[in-house]
Amino acid sequence: MAIKTIIEPFKIKMVEPITMSTEEERNVFLKKAHYNTFLLDSDQVIIDFLTDSGTSAMSAKQWSGLIDGDESYAGSRSWKRMEKTVKELSGMEYVLPTHQGRAAERIIYTHLGGKGKVFISNTHFDTTRANIEFSGATAIDIPIEEGKHPKVYHPFKGNIDIKLLEENIIASGPENIGAVILTITNNSGGGQPVSMQNAREVGKICKRYGVLYLQDMCRIAENAYFVNHREAGYENISYKDIAKEMMSFADGAVMSAKKDALVNMGGFLALRDEELANACKNLLIITEGFTTYGGLSGRDMEAIAIGLDEVFEPDYLRYRIRSTEYLGNKLDALGVPLMLPIGGHAVYIDAREFYSNIPVDQYPGQSLVCDLYTIGGIRTVEIGSVMFGTYDEQGKLIPAPMDLVRLAIPRRVYTQSHIEYVIEVFAEIIKRKNQAKGIKITYEPEFLRHFTAKFEPIN
Amino acid sequence: MLKKRSWAEPYKIKMVEPVFMTDRKHRLKVIKEVGYNTFLLKSKDVYIDLLTDSGTSAMSDRQWAGMMLGDEAYAGSRNFYNLEETIQKYYGYKHVVPTHQGRGAEHLISQIMIKKGDIIPGNMYFTTTRLHQELAGGTFVDVIIPEAHDPENTYLFKGDIDLGKLERLIEEHGADKIPYIAMATTVNMAGGQPISMANLKALRKLTDKYGIKVIHDMTRVAENAFMIQEHEKGYANKPIAEIVKEICDLTDGATMSAKKDALVNIGGFLALNDSDHFEQARNLVVIYEGLHTYGGLAGRDMEAMAIGIKESLSDDHMRARVGQVQYLGQNLLNAGIPIVKPVGTHGIFIDAKRFLPHIPQDQFPAQTLAAEIYIDSGVRSMERGVVSAGRDKKTGEHRYPKLELVRLTIPRRVYTQAHMDVICESVCEVFDTRQKITGLEMIYEPQYLRFFQARFKKL
């Protein structure tokens, strides 16, 4: 019998209770959290789709790895195991462990960045952009044109625009390029995959101009699934070999292990060049920890080594991608405007279209995030003008290209009945969407404002 | 009634980790392979690992249970609130920002409080602390009492601050050039030496007069409190928990590496009473560490920290902890081994210059001794002498520090009395045959932090 239903290739070994709440209670909770879902307590949330980062359920093997962790400061076997796994996967000689992905980014971009430097990417993620701008450098996003339009179908909407890449390198001068960063998959652009061909061409251009080529590989396994299913010539290549080939084009990689390494904490920086690695090691020791643990406990390094293997299992990846797609297809059928096709780790709603009665400068995305929470207890995140908006000289909002709301699906955590519940909540949202209110910002910090900003609904 | 009681452990063993027994022949081969540098030994070749007391503690069953209660929500994890409450209750600080480890907190406080040209006085430097102060544009000035620099001086509170020197420094530079005094409990580089409550009270009075803040490096505060209870008048009947609170109440904020006193393998925090500085810290932590409700730590590690803090303040625990270190120290002193006096709280520091008087400092007596102890018994210790001190930036010559030490750091709750006896026997054995020991020649020297990866050969 051919199985049509996507069943999980695992059974549950450990559970965590969910605290239930009523809509009235959640109205109070949200007001107290200044209408910012980042400021809610976790026990006020029923379904937590805030992020797929660090929220995975670990396997029994990973839990036993936690107990087996070797906490020796130097020469820990857990570090040796993680180092070996990353080296094999990336083909890169130098591995620097960090407490999470943004620390790896901060180290490499502090070293490469600075005033006058330019970084080019398919789309910089929020922490990446913050790290680059914090150093005084400029971050340029050049996704392919299709990547900017939620409705247009393209198999690899995460691709970078190769023509614009070359033009930008020439315009800025190759010597001023800090690095070209390919984010795989492209998170801010809707979790869309990058094709092998695109990754290869970026490599050629970077080589031609002598520019450093980095990959953000935090969802490299999910990307490999799409390459296998959508790109000619890769049907019979294993997911792990696809990932290896993709990384072979790059000079270095940053990884937040909290995504595709299926752990709750950890990350690393991998590099081919010894000199660059040594410079980064100095920064690593100052702010993270010594080169053999980088601010991670031995047990977490053990769990990363195990997770990086598990994530490439074909049954797991098939379940992962297809269950995300299941939610997306159901919402699409309800008429919710989505970023199409459905990406790997999340479903992205086009809030600007869905909440078209709310003007862009009243943050339709944030408004939808608030409604999903109060109506259903579902915590999501806005990826739009709150996260990436800036102001012109008159203080008027320059909106982000898209106002998306992300439903990030934690790995191996929620069951199909949770997903059915989410779909029900959307049916209710559709009924009430004419009552949706705009949102204004009442407080914002200088960097990464979405994490701690405070809001109020506009009556 | 006996005044001195046995330091027998107030716990029994619940989980064990195998150690590897090796023979002398194997150890001779291994130490030669790693160039006589104990840092480069694999943990499987080490019998008793005294490299550091940082992150190497054995957690309790309650802490392991807490690991299972980890709430890995990205925002608003209940483990954070538990940790925050614990810190507020036991240490008395108002605001808490978690960090992945202590140096993350040092990084934040330096960035927030230090301006270019500032002076930061402190009771002896610590490597990472001073580096962060310098990176923020400040200069560290040592104001510890002179007794601290004399390994033979037996004053009991060698962590005290020379208040006369401090006041002259304030008068010379002006209070506005001094953002805070960096006060450590206990002082690591002086051999784990405590500061007295009397000195701390006088420091508070002096800093209040000039309106200067005191920031507390509290990584071994409970060990310091134990020494106050043991040796300072008026504190014999005061519980350690109360003494710790009294110390914290005399300061304005703290950085903590929870990997020491708080009995965890990873974690730290920044605690502040000032609301404005806290606000800045909350905005910065998201860039370097993680969102302010996890700061780069897994939820489970925050839970283990909260439990570990409570356990570390138990009088019985601390009597066993420091009692074990003092037991080893006293046995070495009885055997006539030259060590730094008085014995501190977290380790024993052997004076290699007096141990191996026939080896000149440019033949690395401490490095030699650490290697010899390893060869004799598989005990791993650390050099703190000319190799660690590095080269003078201008002349390119070795820096020859006054103290040429081998550090035997005792992990918490890990080793038994029998292990202590083995360590003592081994050091005595090496001492008895010291005439035959020859020095080392450096054959590989990395550019930075050479002690970590340098290689040597026998002369």
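This text gives an overview of the structure that appears in the document. (Residues numbered from 1 in each chain as written. Chains lettered and ligands numbered in written order. Predicted model: local features only at pLDDT ≥ 70, side-chain atom pairs only at ≥ 80, totals over all residues. Heavy atoms only, no water.)

**Topic: the overall build of chain A**
So, point 1. Looking only at helices and strands, chain A has 17 helices and 16 strands in total.
So, point 2. Since a compact globule built from 459 residues should have a radius of gyration of about 23 Å, the 21 Å found for chain A is in line with a globular shape.
So, point 3. Its C-alpha atoms put chain A at 60 × 55 × 45 Å along the principal axes.
So, point 4. Here the contacts in chain A between residues at least 6 apart in sequence split such that 71% fall between residues at least 24 apart.
So, point 5. For chain A, the exposed area adds up to about 17,100 Å²; of that, 51% sits on carbon and sulfur atoms.
So, point 6. Of the charged side chains in chain A, 51 are positive and 60 negative, and the gap between their average positions amounts to 2 Å. (Helix = DSSP H or I, 4+ residues; strand = E, 2+ residues; numbered from the N terminus. Rg over C-alpha atoms; globule rule 2.2 N^0.38 Å. Contact = heavy atoms within 4.5 Å. Areas by Shrake-Rupley, 256 points an atom, 1.4 Å probe, with all protein chains shown as cover. Lys, Arg positive; Asp, Glu negative; His and termini not counted. Charge placed at Lys NZ, Arg CZ, Asp CG, Glu CD.)

**Here's the deal with the overall build of chain B**
So, point 1. A tally of helices and strands in chain B yields 16 helices and 14 strands.
So, point 2. The C-alpha radius of gyration computed for chain B amounts to 22 Å, which stays within 12% of the reference 23 Å derived for 459 residues, consistent with globular compactness.
So, point 3. With respect to the three principal axes, the spread of C-alpha positions in chain B is 60 × 55 × 50 Å.
So, point 4. Going through the 459 residues of chain B one by one, you find that 62% of them count as buried.
So, point 5. A separation of at least 24 residues holds for 71% of the contacts in chain B among residues at least 6 apart in sequence.
So, point 6. Accessible surface, chain B: about 17,800 Å² in total, of which carbon and sulfur atoms supply 52%.
So, point 7. Distance from the positive charge centre (59 side chains) to the negative charge centre (58 side chains) of chain B: 3 Å. (Buried < 20%, exposed > 50% of the residue type's maximum accessible area, 1.4 Å probe, protein only.)

**Some words on the pairing of strand β4 (residues 139-142) of chain B**
Where a strand is regular, its side chains alternate between the two sheet faces.
Residues and elements named next belong to chain B.
So, point 1. As paired elements, strand β3 (residues 119-122) and β4 share four bridges and run parallel to each other. Within β4, the residue paired with G122 across the bridge is D142.
So, point 2. With helix α5 (residues 127-135) bridging β3 and the parallel β4, this β-α-β connection has right-handed handedness. (Pairing = 2+ DSSP bridges. Right-handed = clockwise from strand over helix to strand, strands pointing away.)

**Focus on the pattern of salt bridges**
Residues and elements named next belong to chain A.
So, point 1. Counted under the stated rule, the structure contains 62 salt bridges over all chains.
So, point 2. Between K148 and E145 there is a salt bridge, with its nearest N and O atoms 3.3 Å apart.
So, point 3. Salt bridges here are not isolated pairs; linked through shared partners, they connect D52, R219, E222, D260, R320 and R411. (Salt bridge = Lys/Arg side-chain N within 4 Å of Asp/Glu carboxyl O.)

**Details of the environment of B:T128**
All names here are of chain B.
So, point 1. Along the polypeptide, T128 turns up in helix α5.
So, point 2. Given a relative accessible area of 15%, T128 falls into the buried group.
So, point 3. Distance in space between the C-alpha atoms of T128 and Q417 is 32 Å, their sequence separation being 289 residues.
So, point 4. Residues within four places of T128 in sequence aside, it is in contact with R103 and E106.

**Points about a nonpolar patch on the surface**
So, point 1. A contiguous nonpolar surface patch, about 420 Å² in accessible area, is contributed by A:M1, A:I3 and A:I7.
So, point 2. You can see A:I3 is positioned in the segment before α1 (23-32). (Patch = residues over 30% accessible without salt bridge, like charges linked within 9 Å, V, L, I, M, F, W, Y side chains within 5 Å.)

**Comments concerning the interface of chain B and chain A**
So, point 1. Listed as interface residues are 58 residues of chain B and, on the opposing side, 58 residues of chain A.
So, point 2. With both chains or domains summed, chain B and chain A bury close to 4,700 Å², and 57% of this area falls on carbon and sulfur atoms.
So, point 3. Together, B:Y74, B:I287 and B:R300 form the three largest contributors to the area buried by chain B at its contact with chain A, with a combined 14%.
So, point 4. Scanning the region where chain B abuts chain A turns up four salt bridges.
So, point 5. Inspection of the chain B/chain A interface yields 28 residue pairs in polar contact (both at pLDDT 80 or more).
So, point 6. Elements represented by at least two residues in the side of chain B that touches chain A include exactly α2 (61-68), α3 (78-90), α4 (102-113), α5, α10 (275-288) and α11 (299-312) of chain B.
So, point 7. Sort the elements by how many residues they give to the side of chain B that touches chain A and α10(B) lands first, with six residues. (Buried area = accessible area lost by both parts, 1.4 Å probe. Polar contact = N/O pair within 3.5 Å; in protein donor to acceptor, adjacent residues only side chain to side chain.)

**Regarding unusual backbone geometry**
So, point 1. Residue A:T185 is bonded to the preceding A:I184 through a cis peptide linkage, with omega at -10°.
So, point 2. Counting through the fold element by element, A:T185 comes out in the loop between β5 (177-183) and α7 (196-209).
So, point 3. Backbone torsion omega between B:T185 and B:T186 reads -25°, so that peptide bond is classified as cis.
So, point 4. A positive phi angle is found at A:Y363, which is not glycine, with a value near 50°.

**Overview of the packing of aromatic side chains**
So, point 1. Tallied over the full model, the rule gives 23 aromatic pairs over all chains.
So, point 2. When the ring of A:F290 is compared with that of B:F451, the centres are 6.3 Å apart and the planes differ by 85°; the resulting orientation is edge-to-face. With A:F290 in the loop between α10 (274-287) and α11 (298-310) and B:F451 in the loop between β13 (440-444) and β14 (455-458), this residue pair bridges two chains. In this pair, the class of A:F290 matches that of B:F451, namely buried.
So, point 3. Ring pairs connect the aromatic residues A:Y73, A:F290, A:Y293, B:F39, B:F451 and B:F452, which therefore count as one cluster.
So, point 4. The ring of A:Y443 has A:K454 lying over it, and the distance from NZ or CZ to the ring centre is 5.5 Å.
So, point 5. B:R130 extends its terminal NZ or CZ atom over the ring of B:Y125, reaching a point 4.0 Å from the ring centre. (Phe/Tyr/Trp six-rings, centres within 6.5 Å; stacked < 30°, edge-to-face > 60°. Lys NZ or Arg CZ within 6 Å of the ring centre and 35° of its normal.)

**A look at helix α1 (residues 24-33) of chain B**
Because an α-helix packs 3.6 residues into every turn, residues spaced three or four apart end up facing the same way.
Residues and elements named next belong to chain B.
So, point 1. Here α1 has its buried residues at R27, V30 and I31. Down the axis of α1, the buried set is contained in an arc of 95°. They therefore lie on one face. Away from its buried face, by an angle of more than 90 degrees, α1 presents the exposed residues K25 and K32.
So, point 2. Summarising the contacts, the buried residues of α1 are in contact with α14 (365-377).
So, point 3. Taken from the residues just after α1, G35 is the one with a positive phi, measuring 65°. (Arc of directions from axis to C-beta.)

**Structural notes on the sheet that holds strand β11 (residues 382-384) of chain B**
All names here are of chain B.
So, point 1. Taken in spatial order, the three strands of this open sheet run β9-β12-β11, and their pairing is antiparallel. Edge strands, defined here as strands with exactly one partner in the open sheet, are β9 (347-351) and β11. For this sheet the average axis-to-axis angle between neighbouring strands, irrespective of direction, equals 30°.
So, point 2. Note that β9 and strand β12 (residues 405-409) share five bridges and pair antiparallel. Across the sheet, I350 pairs through a bridge with V406, a residue of β12.
So, point 3. Across the sheet, helix α12 (residues 315-334) touches β9 and β12, and the angle it forms with β9 is around 25°. (Axes fitted to C-alpha atoms, helices over the stretch in contact; angles between N-to-C directions.)

**Remarks on the pairing of strand β14 (residues 404-408) of chain A**
Residues and elements named next belong to chain A.
So, point 1. For β14, the tally of buried residues reaches five of five residues, placing the bulk of the element in the interior.
So, point 2. Going residue by residue along β14, you find L404, R406 and A408 tucked away on one face and V405 and L407 tucked away on the opposite face as well.
So, point 3. One ladder, built from five bridges, connects strand β9 (residues 346-350) with β14; its direction is antiparallel. Paired with I349 across the strands is V405, a residue of β14.
So, point 4. Alignment of strand β11 (residues 381-383) against β14, held across three bridges, turns out to be antiparallel. The partner of E382 across the bridge, within β14, is V405.

**Details of the sheet that holds β5(A)**
All names here are of chain A.
So, point 1. Across the sheet, which stays open at both edges, the seven strands sit in the order β2-β8-β7-β6-β5-β3-β4 with mixed pairing between neighbours. Two strands close off the open sheet at either side, each with one partner strand: β2 (94-98) and β4 (138-141). On average, each strand axis in the sheet is inclined to that of its neighbour by 20°, with strand direction left out of account.
So, point 2. Where β2 and strand β8 (residues 267-271) come together, five bridges link them in antiparallel fashion. Of the residues in β8, the one forming a bridge with T98 is G267.

**A short note on the packing of α1(B) against α14(B)**
Residue and element names in this part refer to chain B.
So, point 1. α14 packs onto α1 with a crossing angle of 150° between their chain directions and a minimal axis gap of 7 Å. Comparing their axes, α14 and α1 come out roughly antiparallel. Packed against α1, whose contacting residues are R24, R27, L28, V30 and I31, the element α14 presents A371, Y374, I375, D376 and S377 at the interface. (Parallel < 35°, antiparallel > 145°, perpendicular 65-115°, else oblique.)

**Quick word on the packing of helix α12 (residues 314-334) of chain A against helix α16 (residues 416-432) of chain A**
All names here are of chain A.
So, point 1. Between α12 and α16, the shortest axis-to-axis distance is 10 Å and the interhelical angle comes to 20°. Taken together, the axes of α12 and α16 lie roughly parallel to each other. For the pair α12 and α16, the sense of crossing is right-handed. Facing Y326, L327, K330, L331 and L334 of α12, the residues of α16 in contact are Q416, I419, E420, V422, I423, F426, A427 and I430. (Left-handed = near helix turned anticlockwise from the far one by under 90°.)

**Some thoughts on the side chain of B:S381**
So, point 1. Within the secondary structure, B:S381 is located in the loop between β10 (379-380) and β11.
So, point 2. The contact partners of B:S381, leaving out residues within four places of it in the chain, are B:T38, B:L50, B:L51, B:A370, B:V406, B:R407 and B:L408.

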